[in-house]
Amino acid sequence: MIGTRFGTRWVRVSAALLALALPAGALAQALDGKALYHAKCGGCHSLDANRIGPAHRGIVGRRIATTPGYAYSAAIKKLPGVWTAALLDRWLTGPQKLAPGSKMYLTVNDAGQRAAIIAYLASASPPNPPR
């Protein structure tokens, strides 16, 4: 019991000290990208199934609007190129700025959280995705 209380207290104190020691945004980068993805994106997306939004496995490096079986908006179909980390960052900053009229309105304002989500998506993408 004493060890459990001490352990829990130690975790809380360590987390508080870490939060104070890291500059703004760095703490978010330390967060698990998978957990952030599920918390922020999971309501509409999954890695392997089209839902309200398209499936995301393999998105990094994939041509825009090419997830099989997903009905993209005209706004997304007009975007040229492939999803890169930089483009995904712009997308998560403001999807309606990048593609006005798209189905997505959610933004991720914290740069560290965006970076963590994009890193997770990159880890779930094959090294040479189909283009």
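A brief report on the enclosed structure follows.

Parameters at a glance
- Residues numbered from 1 in each chain as written.
- Predicted model: local features only at pLDDT ≥ 70, side-chain atom pairs only at ≥ 80, totals over all residues.
- Heavy atoms only, no water.
- Helix = DSSP H or I, 4+ residues; strand = E, 2+ residues; numbered from the N terminus.
- Buried < 20%, exposed > 50% of the residue type's maximum accessible area, 1.4 Å probe, protein only.
- Contact = heavy atoms within 4.5 Å.
- Areas by Shrake-Rupley, 256 points an atom, 1.4 Å probe, with all protein chains shown as cover.
- Expected span 1.5 Å × (residues − 1).
- Polar contact = N/O pair within 3.5 Å; in protein donor to acceptor, adjacent residues only side chain to side chain.
- Phe/Tyr/Trp six-rings, centres within 6.5 Å; stacked < 30°, edge-to-face > 60°.

It is worth spelling out the overall build of the chain at this point. For the chain, the count of helices and strands is seven helices and zero strands. Among the 131 residues that make up the chain, the fraction classed as buried is 37%. Here the contacts in the chain between residues at least 6 apart in sequence split such that 44% fall between residues at least 24 apart. Counting every atom, the chain has about 8000 Å² of accessible surface; 63% of that belongs to carbon and sulfur.

End to end, helix 7 (residues 111-123) covers 18 Å across 13 residues, agreeing with the expected 18 Å (1.5 Å per residue, within 8%). Of all the positions in helix 7, only Gly112, Gln113, Arg114, Ala116, Ile117, Ile118, Tyr120 and Leu121 are classed as buried. Put simply, aspartate 110 is the residue that caps the front of helix 7, since its side-chain oxygen is 2.9 Å from the backbone nitrogen of glycine 112.

The next subject is the packing of aromatic side chains. Counted according to the given criterion, the structure contains three aromatic pairs. Summarising the aromatic geometry, the rings of tyrosine 70 and tyrosine 72 are spaced 4.8 Å apart at their centres and angled 75 degrees between planes, so their arrangement reads as edge-to-face. According to the relative accessible area criterion, tyrosine 72 is buried, its value standing at 15%. With centroids separated by 5.6 Å and ring planes inclined at 65 degrees, the aromatic side chains of tryptophan 83 and tryptophan 91 adopt a geometry described as edge-to-face.

Interpretation in functional terms is not warranted from these geometric data alone.
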